[in-house]
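Single-letter residue listing:
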Amino acid sequence: MLGAQRISLVSYLNTLPFLYGLQHGWEGGYTLSLRQEVPAECVGTLLRGEVDFALVPVAALGELRDVHRITNLCIGASGRVDTVVLLSHSPVQRLRKIYLDPDSRTSVALVQVLCRHHWQVSPAYEALPPHGYELPLHPEEGMLLIGNKVFGQRGFYAYEYDLAEEWWAFTGLPFVFAVWMAGERASKEGALLLDRALQWGVDRIEEAVESEATRLPIAKEAALEYLTQRIEYRLDEAKLRGLELFQSLIGELPQPLAPGCSATPFNL
Ligand SMILES: C=C(O[C@@H]1C=C(C(=O)O)C=C[C@H]1O)C(=O)O
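Residues numbered from 1 in each chain as written. Predicted model: local features only at pLDDT ≥ 70, side-chain atom pairs only at ≥ 80, totals over all residues. Heavy atoms only, no water.

1. Some words on the sheet that holds strand β1 (residues 5-10)
Read from one edge of the open sheet, six strands run β2-β1-β3-β10-β4-β11, paired in mixed fashion. Each end of this open sheet is capped by a strand with a single partner; those strands are β2 (32-37) and β11 (232-234). The average angle at which neighbouring strand axes cross in this sheet is 25°, direction not considered. Across two bridges, the pairing between strand β4 (residues 68-77) and β11 is antiparallel. Considered in β11, the bridge of L73 is made with R234. Relative to strand β3 (residues 53-57), helix α2 (residues 39-47) is tilted by about 135°, and along the sheet it contacts β1, β2, β3 and β10 (175-182). Where helix α3 (residues 106-119) meets the sheet, its contacts fall on β3 and β10, and the angle it forms with β10 comes to roughly 145°. (Pairing = 2+ DSSP bridges. Helix = DSSP H or I, 4+ residues; strand = E, 2+ residues; numbered from the N terminus. Axes fitted to C-alpha atoms, helices over the stretch in contact; angles between N-to-C directions. Contact = heavy atoms within 4.5 Å.)

2. Some remarks on the site of the ligand
Close contacts around the ligand come from 17 residues, with T83, S104, R105, T106 and S107 the closest. The separation between an oxygen atom of the ligand and a polar side-chain atom of N14 is 3.3 Å. A distance of 3.4 Å separates an oxygen atom of the ligand from a polar backbone atom of G147. Considering the ligand on its own, with 380 Å² of exposed area, one finds that the protein chains cover 100% of that surface. At a threshold of 2 Å from the grid points, most atoms of the ligand map onto the largest cavity. Secondary-structure elements contributing two or more residues to the shell around the ligand are α3 and β10. Residue composition of the shell around the ligand, by class: ten nonpolar, six polar and one charged. Two domains share the shell around the ligand, each providing at least three of its residues, namely domain 1 (5-76 + 175-240) and domain 2 (84-174 + 244-250). (Near = heavy atom within 4 Å. Polar contact = N/O pair within 3.5 Å; in protein donor to acceptor, adjacent residues only side chain to side chain. Areas by Shrake-Rupley, 256 points an atom, 1.4 Å probe, with all protein chains shown as cover. 1 Å grid on protein atoms, 1.4 Å probe; cavity = no way out; pocket = protein on both sides within 12 Å on 5 of 7 lines; lining within 4 Å. Sits in = over half its atoms within 2 Å of the grid points. Nonpolar A, V, L, I, M, F, W, Y, C, P; charged D, E, K, R; others polar. Domains from an automatic or database assignment.)

3. Overview of the packing of helix α4 (residues 163-171) against helix α8 (residues 237-250)
At a minimum axis separation of 12 Å, α4 and α8 run at an interaxial angle of 90°. The angle between α4 and α8 places the two elements in the roughly perpendicular class. On the side of α4, the interface is formed by W167, F170 and T171, while α8 contributes G242, L245, F246 and L249. When its residues are assigned to classes, the contact of α4 with α8 shows five nonpolar, two polar and no charged. (Parallel < 35°, antiparallel > 145°, perpendicular 65-115°, else oblique.)

4. With respect to the sheet that holds strand β8 (residues 141-146)
Taken together, five strands build an open sheet; the order of strands is β7-β6-β8-β5-β9 and the sheet is mixed. Looking along the sheet, the strands with just one partner apiece sit at the ends: β7 (124-127) and β9 (159-162). The average angle at which neighbouring strand axes cross in this sheet is 25°, direction not considered. Note: strand β6 (residues 97-100) against β7, four bridges, orientation parallel. Along β7, the bridge assignment pairs Y99 with E126. On the sheet, α3 packs against β5 (84-88), β6, β7, β8 and β9 and is oriented at approximately 155° with respect to β6.

Interpretation in functional terms is not warranted from these geometric data alone.
See the structure below:
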């Protein structure tokens, strides 16, 4: 018999359809234990065996052993994504240092790939201190921010580089931020039920937004646009090509990317 299914997912607005599917579309009849955490924490949770399934940032996949990808769903974007940005008061060519959001694993690698290959600049990198994004930014410094906190930070900086849009300009390919992985002890049946529940939620985005309307970090209409026009959930051929290219480029980056942060390629 299938025991409680332990699942970790990213705690941002972009996972609302997944969360809605797990809370309302799970058909298994078994207990679900859900953890919502920042992307960098989802990796450790799966690594320590504390959950059976997790939404894992793709740049951290190489650290995991005995895991496999499940579902054809992901967090991706084809062009603008809105919530992964490099913010600065000067163009990227003038930046000497970029602060990196410690909640992220994929985007900290993406900004370094783009600096090296797309913009051809080589700033220093440093972890952003807690709540550092609320402090004034020096004209020669930039900061990479991800997730819901970006909604409150837009409009204050002369330069707001959307990293999925820059990736698109650089490669002509979509970008994949995170994929669903099963841990060593996860069951096939659990993976199947998870896939169904996630898809159930992705098919009901409008309903999910409506039901969460009073708890959203942005206006209902903006949330609906973000979840239907920016975030893409289907891991299709083009996304797999984007992912493969990203995996090969992160392998060339000097390691570690920042204190306590590495990026290891992984073959899906
Ligand atoms: C689009 C986003 O993608 C997220 C960014 C991630 C990362 O940088 O490690 C991981 C998972 C995604 O939820 C976002 O956070 O806004």
